[in-house]
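This is what each chain is made of:
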Amino acid sequence: TSSTPGEGKSTSALGLAIVLARLGHRTLLIDGDMRSPSVHEELELSNKKGLSNYLSGQESLEGLLQETATQEGLIIMPAGPPPPNPAELFSGKGLKRLLAEAGQNFDYVIFDGPPVLGLADAPLISSSAEATIFVVEARSTKMRTAERAVRRLQATQAFVIGTVLTKFDPRYASSNYGEYYGYGYGQNKAEA
């Protein structure tokens, strides 16, 4: 999850899921952002059925899973049709049942969660998950906003194990970070 929309949660979740699948782990990626789903679009999959169907008791897990054409071992559960109140679905017994059932069938289950601030969805998901990774967008996410979001997660007993910095551009880093790593390849030292 992250503080606000657009910080790179979906890209980070998909990247992590692909790496785990490439390492030979059977991996399930669930699009948990039922208000603004995007995983199905990125992978060109159907979103007619998904997480909302499972949490509302309409479908079984097996009927909602889709294989990807791009990565063997990576299975996707799209968000499904948008429900009137996603937080209500996340607060029911369905989420814990889903995590238990998926945990028996997959080596890793990754939720692409919604943002924390302004919604109850992400804290509900994070409090049920074994661990949460917090995404921060470089040069955009304000420290105070990120701190508020992490405190909100911690208040729900979420176990935040780390942070992923997205959209980092070393040209804007303090110190001579870019020169240190050789950005300026193909130029002589004076031009770099």
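Each remark here, short or long, concerns the structure printed above.
Being a predicted model, the structure only gives us computed values, none of them experimental.

1. Thoughts on the nonpolar core
Grouped together as the largest cluster of nonpolar side chains are 19 residues, with contacts concentrated most on Leu51, Leu55, Met77, Phe90, Leu98 and Phe111. Taken together, the elements giving at least two residues each to this core come down to β1 (27-31), α3 (51-55), β3 (74-77), α4 (86-91) and α5 (94-105). Among residues more than four places away in sequence, those in contact with Leu55 are Met34, Leu89, Phe90, Gly94 and Leu95. Listed in part, the 13 residues of the second largest apolar core include Ala13, Ala21, Leu45 and Ile76.

2. Notes on helix α1 (residues 9-22)
Spanning 14 residues, α1 covers 20 Å between terminal C-alpha atoms, matching the ideal 20 Å at 1.5 Å per step. Within the span of α1, buried status applies to Lys9, Ser12, Ala13, Leu14, Ala17, Ile18, Leu20 and Ala21. Where α1 ends, the next residue or the one after it, Gly24, has phi of about 95°, a positive value.

3. Considering the pairing of strand β5 (residues 132-137)
Each regular strand shows side chains that alternate between the opposite faces of the sheet. Burial analysis of β5 places 5 of its 6 residues in the buried class, the great majority of the element. Examined bridge by bridge, β5 and strand β6 (residues 160-166) share 6 bridges and lie parallel to one another. Looking at the pairing, Ile133 lines up with Gly162 of β6. Since β5 and β6 lie parallel, the crossover through helix α7 (residues 143-155) that links them has a hand, and here it is right-handed.

4. Structural notes on the pattern of salt bridges
Counting across every chain of the model gives 4 salt bridges. For Arg35, the salt bridge goes to Asp121, with nearest N and O atoms at 2.8 Å. Placement of Arg35 in the loop between β1 and α2 (39-42) and of Asp121 in helix α6 (residues 121-128) is noted, with a sequence separation of 86 residues between them. Between Asp169 and Arg171 there is a salt bridge whose closest N-O contact spans 2.5 Å.

5. Here we look at a nonpolar patch on the surface
On the surface, Leu16, Ile133, Phe159, Ile161 and Val164 cluster together into a nonpolar patch covering about 410 Å² of accessible area. Along the chain, the position of Leu16 falls in helix α1. For Leu16, a relative accessible area of 35% corresponds to the partly exposed category.

6. A short note on the side chain of Asp121
The class of Asp121 is buried, set by a relative accessible area of 0%. Looking at Asp121, its side chain comes within polar contact range of the side chain of Arg35, at 2.8 Å. Discounting residues that sit within four places of it in the chain, Asp121 has contacts with Arg35, Pro86, Ala87, Phe90 and Pro114.

7. Details of the layout of surface pockets
The volume enclosed by the largest pocket comes to roughly 800 Å³. Val109, Ile110, Phe111, Ala129 and Ala131 are the residues nearest the centre of the largest pocket, which is lined by 29 residues in total. Listing elements by their share of the lining of the largest pocket, those giving two or more residues are α1, α5, β4 (108-112), α6, β5 and β6. The residue makeup of the lining of the largest pocket, split by class, is 18 nonpolar, 7 polar and 4 charged. A volume near 190 Å³ is recorded for the second largest pocket. In this structure, the second largest pocket is lined by 14 residues; those nearest its centre are Pro5, Gly6, Lys9, Asp33 and Ser36. The residue inventory of the lining of the second largest pocket, partitioned by class, reads 3 nonpolar, 6 polar and 5 charged.

How each quantity is defined
- Residues numbered from 1 in each chain as written.
- Predicted model: local features only at pLDDT ≥ 70, side-chain atom pairs only at ≥ 80, totals over all residues.
- Heavy atoms only, no water.
- Core = buried A, V, L, I, M, F, W, Y, C linked by side-chain atoms within 4.5 Å.
- Buried < 20%, exposed > 50% of the residue type's maximum accessible area, 1.4 Å probe, protein only.
- Helix = DSSP H or I, 4+ residues; strand = E, 2+ residues; numbered from the N terminus.
- Contact = heavy atoms within 4.5 Å.
- Expected span 1.5 Å × (residues − 1).
- Pairing = 2+ DSSP bridges.
- Right-handed = clockwise from strand over helix to strand, strands pointing away.
- Salt bridge = Lys/Arg side-chain N within 4 Å of Asp/Glu carboxyl O.
- Patch = residues over 30% accessible without salt bridge, like charges linked within 9 Å, V, L, I, M, F, W, Y side chains within 5 Å.
- Areas by Shrake-Rupley, 256 points an atom, 1.4 Å probe, with all protein chains shown as cover.
- Polar contact = N/O pair within 3.5 Å; in protein donor to acceptor, adjacent residues only side chain to side chain.
- 1 Å grid on protein atoms, 1.4 Å probe; cavity = no way out; pocket = protein on both sides within 12 Å on 5 of 7 lines; lining within 4 Å.
- Points joined across faces, edges and corners; volume = space filled by probe spheres on them.
- Nonpolar A, V, L, I, M, F, W, Y, C, P; charged D, E, K, R; others polar.

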